[in-house]
Amino acid sequence: MLIEQLINGITLGSIYAIVALGFTLVFGVLGIINMAHGEIFMFGAFIGVVVTATFKGPLWLAFLAAILVTAAMGYMLERFALRPLRSKQGVSHLAPLISTIGVSILLENLSHHLFGPGNHPFRASFAEISFQIGSITVYLVQIVIFIISVLLMYALSFWLGKTKAGKALRATAENLETASLLGVDVKRTITMTVIIASAMGGIAGILVGMAFNSVTPQMGLSIGLKGLAIIILGGMGNVKGAMAGGLILGLAETFVVVYGNSGYKDAIAFVAIIVILLIRPQGLFGQKISA
Amino acid sequence: MLKVSGISAFYGRIQVLKNIGLEVAEGSIVTILGANGAGKTTTMKTISGLLKPQQGSIEFQGEEVKGLRPDQLLRKGIALVPEGRQILSGMTVLENLEMGAYHRKDNEIDRDIKAIMGRFPILEERQKQLGGTLSGGQQQMLAIARAILSKPKLLLLDEPSMGLAPLVVADIFKIIKEINEAGTTVLLVEQNARQALRISDYGYVLETGKIVAEGSAHELLNDPRIMEAYLGRKSS
Ligand SMILES: Nc1ncnc2c1ncn2[C@@H]1O[C@H](COP(=O)(O)OP(=O)(O)OP(=O)(O)O)[C@@H](O)[C@H]1O
Ligand SMILES: [Mg+2]
């Protein structure tokens, strides 16, 4: 029982971590909270539903399609909602935030229109495969989610820490002017960052669809707010903090449902924000993007 | 090598540079002197592409380069060590050096980093440490080393001696001289006028956004007017 709940918590937590990583990358480089990230995530989930349930396509195709669509959405977000505000003088520093809120509303309405309201199930057969290890039941979906999450986090850490493009991103996150003096094309780096963050959101969307077998146009808002809570918890712009914060939140939510009252599940994230802001405003890990 | 003419630059509506003109000959060291707020940093920002001038032209090796971004200018051979060094404090010393060679595509980068570390042993010793944990003088060494790794033709240095102990300052000027002797042209901004002019070929004096005097380093060092205004003491 305890181990099963632990597995549930880790599964949920690793999805949260990936959502939070998307927030953290954009915050690190642009210094803004991307309020459209949750809706891009929701679109990723819907692409998963369309590919697997509507067209009966394979799962890998769902991932591919979701990555492509959400990456394109990230590009458009940067190109049309963020960049025009950056090049102008005298624009309020809140403008990009408000712009992303506008995009989030647009995307939510668009998904109502395209996919219809209510609950959309994922292809069910896959979700029901499970194993028995001793007295513990483990679902295949959970293992897949966990493996994908770990691979994604590992790949991101490797990319940020060891590759030239990743180092350029970290330099840009630390100081735009310095990065550009060192030869980094910061405009391209910013665009690439928003694209990568969005595609990670899309992947997380499919994972949530698989885990809960339910996708709705409203899911973006709640996951978006949780992502926000996690990066406050882990330290704004901090990659390790986002991973750890995601896991902590996933585990905490799971155990509250088991040992407490499921009505409080969604409150955890926000109680955590309040406590963290009071005790350690820089977050558990502080610090900007590092490897 | 560098020819700046008729440059005017603004911050918002405030005009900070008024019709600046200066030249840097290939192989030389040129110094810009001036009091606080004269516009020295603004001049360096304009030449390196961080700031777009309203008027005038910037020619580098016979080519108009006004309006290019800093990363494009770096590829043409202009590198700036900015005021306050601007070390990437969350990246290690080694990563800072690697970022210096970011735009290079040749395969001698590792060799050059080793060579630089040989020249600055403290950087080798501290290579795994975060840039932000170095002392001011060490950070300046790192900033200069990082700029050298980009293999610039023209190196711009904005007050490299700022806030450093006299012994370290002397070291920095020695290094600048070495870099120049190895073939890099240098444009230097300094408050430490006497020491700067001693290693320079030519100098300009900037006052509230205008060039008010220029001459060979020797002339400036022996001009009593300039000595008093910018060097504090009478020339010895
Ligand atoms: N970002 C900015 N916005 C508005 N005004 C600025 C800005 N940066 C500099 N200035 C103004 O422009 C003028 C020139 O500044 P600049 O930094 O070029 O001087 P400086 O000669 O480098 O001085 P210092 O020796 O103190 O470094 C100053 O009056 C300064 O107040
Ligand atoms: Mg200055």
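Quick note: structure is the one above.
So, here's what we can say about the structure. The numbers attached to residues start from 1 for each chain and follow its sequence in the written order. Starting at A for chains and at 1 for ligands, labels are handed out in the order in which the entities are written. Totals for whole chains, interfaces and linings use every residue, but because this is a predicted model, local features are given only for residues with pLDDT of at least 70 and side-chain atom pairs only at 80 or more, for both listing and counting. Just so you know, side-chain values use all the structure's heavy atoms and leave hydrogens and water out.

**A closer look at the coordination of the magnesium ion (ligand 2)**
Residues and elements named next belong to chain B. Any N, O or S atom lying within 2.8 Å of the metal counts as a donor, and for Na, K and Ca the limit rises to 3.2 Å; water is left out, so some sites can look incomplete. Here the magnesium ion (ligand 2) is held by T41 (OG1) and E83 (OE), and the distances to it run 1.8 to 2.2 Å. Residue T41 is located in helix 1 (residues 40-48), and its partner E83 is located in the loop between strand 6 (78-81) and helix 3 (93-100); the two are separated by 42 residues in the primary sequence. Judged by its relative accessible area of 30%, E83 is partly exposed. Numbering of helices and strands runs from the N terminus, with a helix taken as a DSSP run of H or I at least four residues long and a strand as a DSSP run of E at least two residues long. Only protein chains enter the accessibility calculation, which uses a 1.4 Å probe. A residue is then buried if its area is under 20% of the maximum for its type, exposed if over 50%, and partly exposed in between.

**Here we look at the nonpolar core**
If you look at the biggest cluster of nonpolar residues, it comprises 76 residues, and the most contacted ones within it are L21(A), F41(A), L77(A), L156(A), L207(A) and M210(A). By residue number, the principal contributor to this core is helix 1 (residues 2-30) of chain A, which donates 13 residues. Here a residue-residue contact requires only that any non-hydrogen atoms of the pair lie within 4.5 Å. Ignoring anything within four residues of it in the chain, the contact list for F41(A) reads V19(A), G201(A), G202(A), A204(A), G205(A), V208(A), M219(A) and I223(A). Residues belong to a common nonpolar core when they are buried Ala, Val, Leu, Ile, Met, Phe, Trp, Tyr or Cys residues joined through side-chain atoms within 4.5 Å. In terms of nonpolar packing, the next biggest core, distinct from the first, is built from 35 residues, I116(B), L149(B), I172(B) and I199(B) among them.

**Section: the packing of helix 6 (residues 140-162) of chain A against helix 7 (residues 164-174) of chain A**
All names here are of chain A. Close contact between helix 6 and helix 7 brings their axes to 5 Å; oriented N to C, the two are set at 80 degrees. Classified by the angle between their axes, helix 6 and helix 7 sit roughly perpendicular to one another. Contacts between helix 6 and helix 7 pair W159, L160, G161 and K162 from the former with K164, A165, G166, K167, L169 and R170 from the latter. All residues other than Ala, Val, Leu, Ile, Met, Phe, Trp, Tyr, Cys, Pro, Asp, Glu, Lys and Arg, Gly among them, are scored as polar; the first ten of these are nonpolar and the last four charged. Of the residues contributing to the contact of helix 6 with helix 7, the split by class is 4 nonpolar, 2 polar and 4 charged. Inter-axis angles, ranging from 0 to 180 degrees, are taken between N-to-C directions of lines fitted to C-alpha atoms, where helices are fitted over the stretch in contact. For classification purposes, angles smaller than 35 degrees are called roughly parallel, those larger than 145 roughly antiparallel, those between 65 and 115 roughly perpendicular, and all remaining angles oblique.

**A look at the packing of helix 4 (residues 109-119) of chain B against helix 6 (residues 136-149) of chain B**
Packed helices, taken two at a time, are described by the angle between their axes plus the distance between the axes. Residue and element names in this part refer to chain B. Interhelical geometry of helix 4 versus helix 6 gives an angle of 150 degrees and a closest axis separation of 10 Å. Classified by the interaxial angle, the pair formed by helix 4 and helix 6 is roughly antiparallel. Note that helix 4 runs across helix 6; the crossing there is right-handed. Residues D112, I113 and I116 of helix 4 lie in contact with helix 6, whose contacting residues are A145, I148 and L149. Grouping the amino acids of the contact of helix 4 with helix 6 by side-chain chemistry returns 5 nonpolar, no polar and 1 charged. Handedness of each helix crossing follows the sense of rotation of the near helix against the far helix: counterclockwise by less than a right angle gives left-handed, clockwise gives right-handed.

**Concerning the site of ligand 1**
Residues and elements named next belong to chain B. The local shell around ligand 1 holds 13 residues, among which G37, K40, T41, T42 and E83 are the closest. Between N or O atoms, a polar contact is any pair within 3.5 Å; within protein, one atom must be a potential hydrogen donor and the other a potential acceptor, and residues adjacent in sequence are included only when both atoms are from side chains. In the model, an oxygen atom of ligand 1 is placed 2.7 Å from a nitrogen or oxygen of the K40 side chain. The side chain of T42 places a nitrogen or oxygen atom 2.4 Å from an oxygen atom of ligand 1. Within the shell around ligand 1, the residues separate by chemical class into 4 nonpolar, 6 polar and 3 charged. If even one non-hydrogen atom of a residue comes within 4 Å of a molecule or strand, that residue is called near it.

**Focus on the sheet that holds strand 5 (residues 63-64) of chain B**
All names here are of chain B. Should DSSP find at least two bridges between two strands, the strands are regarded as paired. If you walk across this open sheet you meet the 4 strands as 2-1-4-5, and the pairing is antiparallel. Each edge of the sheet is formed by a strand with only one pairing partner; in this case those strands are strand 2 (14-24) and strand 5. As judged from the 2 bridges shared by strand 4 (residues 55-60) and strand 5, these two strands associate in the antiparallel manner. Paired with F60 across the two strands is E63, which belongs to strand 5.

**Some remarks on helix 3 (residues 59-86) of chain A**
A helix is expected to span 1.5 Å multiplied by its residue count minus one. Relative to the 40 Å expected for 28 residues at 1.5 Å per residue, helix 3 of chain A spans 38 Å between its end C-alpha atoms, a close match to the ideal helical length. Across the chain, bend at a residue is computed as the angle between axes fitted to the seven residues ending at that point and the seven starting from it. Taken as a whole, helix 3 of chain A carries its principal kink of about 30 degrees at E78(A).

**Some details on the interface of chain B and chain A**
Contact residues are listed per partner, giving 24 residues for chain B and 16 residues for chain A. Buried area is a sum: the accessible area each of two parts loses on coming together, probed at 1.4 Å, counted once for each and added. At the boundary of chain B with chain A, total buried surface from both sides reaches about 1900 Å², with 55% on carbon and sulfur atoms. Definition used for salt bridges: Asp or Glu carboxyl oxygen within 4 Å of a side-chain nitrogen of Lys or Arg. Between chain B and chain A we count 3 salt bridges in total. The partner of K167(A) in a salt bridge is E98(B), and the shortest N-O contact between them spans 2.5 Å. If you look at where chain B meets chain A, you find 9 residue pairs in polar contact (both at pLDDT 80 or more). Listed by contribution, the elements that provide at least two residues to the side of chain B that touches chain A are helix 1, helix 2 (70-76) and helix 3 of chain B. Across the side of chain B that touches chain A, the residue classes break down as 10 nonpolar, 6 polar and 8 charged.

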